[in-house]
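Remarks on the overall topology
As a plain string of letters, each chain reads:
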Amino acid sequence: MEDVKEHQNQFHAEDDENEIVSESTAFVHGEPLQDAAGPPKVDSEMEIIHEKVRKQIIKEGHGHKPSKYSTCFLHYKAWAKSTNHKFDDTWHEQQPLELVLGKEKKEMTGLAMGVSSMKSGERALLRVGWELGYGKEGNFSFPNVPPMADIIYEVELIGFDETKEGKARGDMTVEERIGAADRRKMDGNSLFKEDKLEEAMQQYEMAIAYMGDDFMFQLFGKYRDMALAVKNPCHLNMAACLIKLKRYEEAIGHCSIVLSEDENNVKAMFRRGKARAELGQTDAAREDFLNACKHAPEDKAIARELRRLAEHDKAVYERQKEIYKGIFGPRPEPKPKRSNWLIRLWQWLLSLLYWIFRRERVKAD
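Residues numbered from 1 in each chain as written. Predicted model: local features only at pLDDT ≥ 70, side-chain atom pairs only at ≥ 80, totals over all residues. Heavy atoms only, no water.

Direction of pairing for strand β1 (residues 47-50) relative to strand β2 (residues 53-59): antiparallel, over a ladder of 3 bridges. When the sheet's bridge partners are listed, Ile48 is paired in β2 with Arg54. Pairing between β2 and strand β6 (residues 123-128): 6 bridges, direction antiparallel. Note on β6: the bridge partner recorded for Arg54 is Arg127. (Pairing = 2+ DSSP bridges. Helix = DSSP H or I, 4+ residues; strand = E, 2+ residues; numbered from the N terminus.)

Moving on to helix α4 (residues 197-209). Relative to the 18 Å expected for 13 residues at 1.5 Å per residue, α4 spans 18 Å between its end C-alpha atoms, a close match to the ideal helical length. Burial within α4 is extensive, with 11 of its 13 residues counted as buried. By the burial criterion, the buried members of α4 are Leu197, Ala200, Met201, Gln202, Gln203, Tyr204, Glu205, Met206, Ala207, Ile208 and Ala209. In this structure, the buried side of α4 is in contact with β3 (71-80), β7 (151-161), α3 (174-193), α6 (221-244) and α7 (248-261). (Expected span 1.5 Å × (residues − 1). Buried < 20%, exposed > 50% of the residue type's maximum accessible area, 1.4 Å probe, protein only. Contact = heavy atoms within 4.5 Å.)

The next subject is the packing of aromatic side chains. Within a pair of aromatic rings, the relevant descriptors are the distance that separates the centres and the angle that separates the planes. Counting across every chain of the model gives 4 aromatic pairs. Each ring, one from Phe73 and one from Tyr210, has its centre 5.4 Å from the other, and the planes form 55°; the classification is tilted. One end of the pair, Phe73, is in strand β3; the other, Tyr210, is in the loop between α4 and α5 (213-216), and 137 residues separate them in sequence. By relative accessible area, which is 0% here, Phe73 ends up buried. Take Tyr210: its relative accessible area is 2%, and that puts it in the buried class. Aromatic pair Phe87 and Tyr134: ring centres 5.9 Å apart, planes at 90°, arrangement edge-to-face. A residue pair is termed long-range when its members are at least 10 positions apart, and Phe87 in strand β4 (residues 85-89) and Tyr134 in the loop between β6 and β7 qualify at 47 residues. Each member of the pair Phe87 and Tyr134 is classed as buried. The aromatic ring of Tyr223 is capped on one face by Lys222, whose charged end is 5.3 Å from the ring centroid. (Phe/Tyr/Trp six-rings, centres within 6.5 Å; stacked < 30°, edge-to-face > 60°. Lys NZ or Arg CZ within 6 Å of the ring centre and 35° of its normal.)

Attention now moves to the packing of α6 against α7. Helix-helix packing is described using two parameters, namely the angle between the two axes and the distance between the axes. Packing of α6 against α7 leaves a shortest axis separation of 8 Å and a crossing angle of 160°. Between α6 and α7, the interaxial angle falls into the category roughly antiparallel. Crossing angle aside, the handedness with which α6 passes α7 is left-handed. Residues Arg224, Asn232, His235, Leu236, Met238, Ala239, Leu242 and Ile243 of α6 form the contact with α7, whose own contacting residues are Tyr248, Glu250, Ala251, His254, Cys255, Ile257, Val258 and Glu261. Along the lines of polarity and charge, the residues of the contact of α6 with α7 split into 10 nonpolar, 3 polar and 3 charged. (Axes fitted to C-alpha atoms, helices over the stretch in contact; angles between N-to-C directions. Parallel < 35°, antiparallel > 145°, perpendicular 65-115°, else oblique. Left-handed = near helix turned anticlockwise from the far one by under 90°. Nonpolar A, V, L, I, M, F, W, Y, C, P; charged D, E, K, R; others polar.)

A word on the nonpolar core. Of all hydrophobic cores here, the largest spans 51 residues; its most connected members are Phe192, Tyr204, Tyr210, Met211, Met216, Phe289 and Ile302. Elements supplying a minimum of two residues to this core: α3, α4, α5, α6, α7, α8 (266-278), α9 (282-295) and α10 (300-328). Counting residues per element, this core draws most heavily on α6, which supplies 11 residues. With 26 residues, the next largest nonpolar core counts Met108, Val115, Ile151 and Tyr153 among its residues. (Core = buried A, V, L, I, M, F, W, Y, C linked by side-chain atoms within 4.5 Å.)

Function-wise, these values are silent; they only describe arrangement.
Following this line, the structure appears as structure tokens:
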């Protein structure tokens, strides 16, 4: 088990090529927040890509645009414009789409045109006419699309491989796919060291996309180990980037993916604990740190985080004690009741008369 080196740099990117790890498929920058009300509202300028394809940029990308026959990796949501019904969502499925420009399915023609105008990391809203979508008949299986339905896509281009890569994912051998993923991971590590976190995450996502569930289910023995040794560091590095960017929920998701396959992975426990602590999930964070401590009892970073949680709990207790003290306060001392002076005078007079009466009676005797 590799020791956690977090006390030197808690966000250090994975470099150990021998670490055996695992995952399911990609998360990609997190699912967009706007969803329940349909497509997001975008105020940017409308760009005409084609008579039936228009684009508005939500988030700018970087670098150049993909050329024909490039293999593009993207996430998207799709709505039928007439009904506002969302019929497809790769973010929800956690499975990015692989799209080879110029070789796409007929119903993806408009989407491919829009993607060809995007840069890596760009997110955009595409409006596609029914002629370049599911056509006059629509689709009555999955996805269920009404006839003559114009489509609205929210798309994020994760990245793309130029034609020089030679093959689409599905045409590669196991070794070729793992090799391509490993190159992406190394590129991501270089960008991470330059503190180019968004660009680094795109490379890690591309690497993960090479080894989705459909691919991993077919692997056994040494090939599965080879694939896992590339995938897990990508997820852990994604978590490190996301923690730096304060996107803690997404970081937790990537660490949980690793732990679902490798339950004793110390780095995954530690980074998930860090993210949970930042979200105020102190009990869950403590559980992660304690589990990590079982496997790396000498690690100073883990011990430091446990101390921080203990100090946090103590501070919370003291604050609560002061709050409750202020609300309820100490039990008040009972105050003596003030007697009416007339009653006390009357009691004194009665006592005096009784004393005189006793005295006269004694004299008479």
